[in-house]
Amino acid sequence: MPTPTLHDPELCQALLRRLEDLLDRPMRFMEVCGTHTVSIFRGGLRTLLPEQVTHLTGPGCPVCVTHDREVAAFLKLAEQPNVIIATFGDLMRVPGPDGRSLKHAQADGARVSVIYSPLDALTLAADNPDATVVFLGVGFETTAPAVAATVLAAEQRKLDNFAVFSCHKLVPPALAALLGDPDNGIDAFLLPGHVSTVLGLSPFRFVAEDWKRPAIVAGFEPADILDALCRMARQYREGEFKVENAYPRAVNDDGNPKARAILSQVFRTADALWRGLGVIPGSGLALAPAYQRFDALARLGLSLPETKPLPGCRCGEVLKGKMPPNECPLFGKVCTPANPVGPCMVSTEGSCSAYFKYGL
Ligand code: SF4
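This one's a predicted model, so the numbers in the text were calculated from it and none came from an experiment.

Moving on, we come to the state of the cysteines. Inspection of every chain in the model, using the stated rule, returns 1 disulfide. Disulfide pairing is shown between Cys-61 and Cys-64; the S-S distance is 2.4 Å. A torsion of 75 degrees about the S-S bond marks the disulfide between Cys-61 and Cys-64 as right-handed. The two residues Cys-61 and Cys-64 agree in class, both being buried.

So this is what it looks like as structure tokens:
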């Protein structure tokens, strides 16, 4: 008899029946990972879940949580003479406060290069010694170690024309900020599988210990997610809350100490500005004093521009799980993936984009 795969319909049906048996109360769970957002929609889980279970999408898409002021700074950096912007492609179409994106800046002559690895930025720096290459560092604990390794490689190769604009964000402080909102309505967290490969379980224990909520590290297949929901329901039924690792095939309970070591060598924690959530203390990564010379804003004498929110866009509420995307008045009318008004519709991992693509 073959082993069922993690998207096997019979396995998923059995997990759904188990979930129904375990549930003895309504349960609103939030995922905080763009890959989970897409997996839940693509797997059709929202239509299959028991009525008592509500799925909230959280601030798990790194492009979406990048603040207007940071996007405005990308454009400001792109305007500087002798600067080459190196970025992943998902930032190219994110609209700044006046609707302009890096794509527009590129069309107007700015030097913007789409790269596939932070190390590609070093190749650009080596090939363009008269320019300053600025890498736009957007992402969570998952992507930041590779950026830290790139800074170390730049130092080793003496590439003094390389710099980073660090907009990295840290997930645990964002969860604390969400839980600190008295109207949060969150009963449980589906913890991000990728981020947990770096952090392990410890940084999430406060969710269970201080807030009495289940927090389950989960994989990305439908059966992974359903298993995690069963574990949440069981914790409520038993009245015992803890962090569980339901993704041991990828996540060690202790995470990846080497990745964390390189992060703490190159970066220090700093307050960070999140779209929708505002400033969250200790939720970002700034370059550590020994690597300050790689800080793009400091090197170019720039600071975050002041901005006004994107008119009509409700991404902030969507990212806090307070509004489903289809309740935004612009959803599917003015705002579509082909003509996005806000970042949640731009990124393939954004909630608005997932709602639009998969319906519901
Ligand atoms: Fe913003 Fe568009 Fe989503 Fe509305 S539908 S919240 S305008 S991205």
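Turning to the site of the ligand, a few remarks are in order. Lining the immediate environment of the ligand, one finds Cys-313, Arg-314, Cys-315, Cys-328, Leu-330, Phe-331, Cys-335, Val-341, Gly-342, Met-345 and Cys-352. Considered class by class, the residues forming the shell around the ligand number 9 nonpolar, 1 polar and 1 charged.

Let's shift gears to the packing of helix α7 (residues 118-127) against helix α8 (residues 144-156). If you want to describe how two helices pack, look at the angle between their axes and the distance between the axes. One can describe the packing of α7 onto α8 by two numbers: an axis separation of 8 Å at closest approach and a directional angle of 25 degrees. Judged by the inter-axis angle, α7 sits roughly parallel to α8. Between α7 and α8 the crossing geometry is right-handed. Between α7 and α8, the residues in contact are Pro-118, Leu-119 and Leu-122 and Ala-146, Val-147, Thr-150, Ala-153 and Ala-154, respectively. Classifying every residue of the contact of α7 with α8 gives 7 nonpolar, 1 polar and no charged.

So, on to the packing of aromatic side chains. Within this structure, the stated rule accounts for 9 aromatic pairs. For the ring pair Tyr-236 and Phe-241, a centre distance of 5.0 Å and an interplane angle of 70 degrees mean the geometry is edge-to-face. With a relative accessible area of 15%, Tyr-236 lands in the buried category. Where Phe-331 meets Phe-356, the ring centres are 6.2 Å apart and the plane angle is 70 degrees; that geometry is what we call edge-to-face. Of this pair, Phe-331 sits in the loop between α15 (315-319) and α16 (343-346) while Phe-356 sits in helix α17 (residues 351-358), and the two are 25 residues apart along the sequence. Given a relative accessible area of 37%, Phe-356 falls into the partly exposed group.

Right, let's get into the domain arrangement of the chain. Under the domain assignment used here, the chain contains domain 1 (9-60 + 172-246) and domain 2 (63-170 + 255-296). Computed over C-alpha atoms only, the centres of domain 1 and domain 2 are separated by 31 Å. Counting from both sides, the interface comprises 14 residues of domain 1 and, opposite them, 15 residues of domain 2. When domain 1 packs against domain 2, the two sides together hide about 1100 Å² of surface, and 75% of this comes from carbon and sulfur. Sorting the residues of domain 1 by area buried against domain 2 places Pro-59, Pro-173 and Val-198 first, and these three jointly supply 44% of that buried surface. At the boundary of domain 1 with domain 2, the tally comes to 0 salt bridges. At the junction of domain 1 with domain 2, the criterion picks out 3 residue pairs in polar contact (both at pLDDT 80 or more). Listed by contribution, the elements that provide at least two residues to the side of domain 1 that touches domain 2 are α9 (171-180) and α10 (193-199). The biggest single contributor to the side of domain 1 that touches domain 2 is α10, with 6 residues. When the residues that make up the side of domain 1 that touches domain 2 are grouped by side-chain class, the tally is 9 nonpolar, 5 polar and no charged.

Criteria and cut-off values
- Residues numbered from 1 in each chain as written.
- Predicted model: local features only at pLDDT ≥ 70, side-chain atom pairs only at ≥ 80, totals over all residues.
- Heavy atoms only, no water.
- Disulfide = S-S within 2.5 Å.
- Buried < 20%, exposed > 50% of the residue type's maximum accessible area, 1.4 Å probe, protein only.
- Near = heavy atom within 4 Å.
- Nonpolar A, V, L, I, M, F, W, Y, C, P; charged D, E, K, R; others polar.
- Axes fitted to C-alpha atoms, helices over the stretch in contact; angles between N-to-C directions.
- Helix = DSSP H or I, 4+ residues; strand = E, 2+ residues; numbered from the N terminus.
- Parallel < 35°, antiparallel > 145°, perpendicular 65-115°, else oblique.
- Left-handed = near helix turned anticlockwise from the far one by under 90°.
- Contact = heavy atoms within 4.5 Å.
- Phe/Tyr/Trp six-rings, centres within 6.5 Å; stacked < 30°, edge-to-face > 60°.
- Domains from an automatic or database assignment.
- Buried area = accessible area lost by both parts, 1.4 Å probe.
- Salt bridge = Lys/Arg side-chain N within 4 Å of Asp/Glu carboxyl O.
- Polar contact = N/O pair within 3.5 Å; in protein donor to acceptor, adjacent residues only side chain to side chain.

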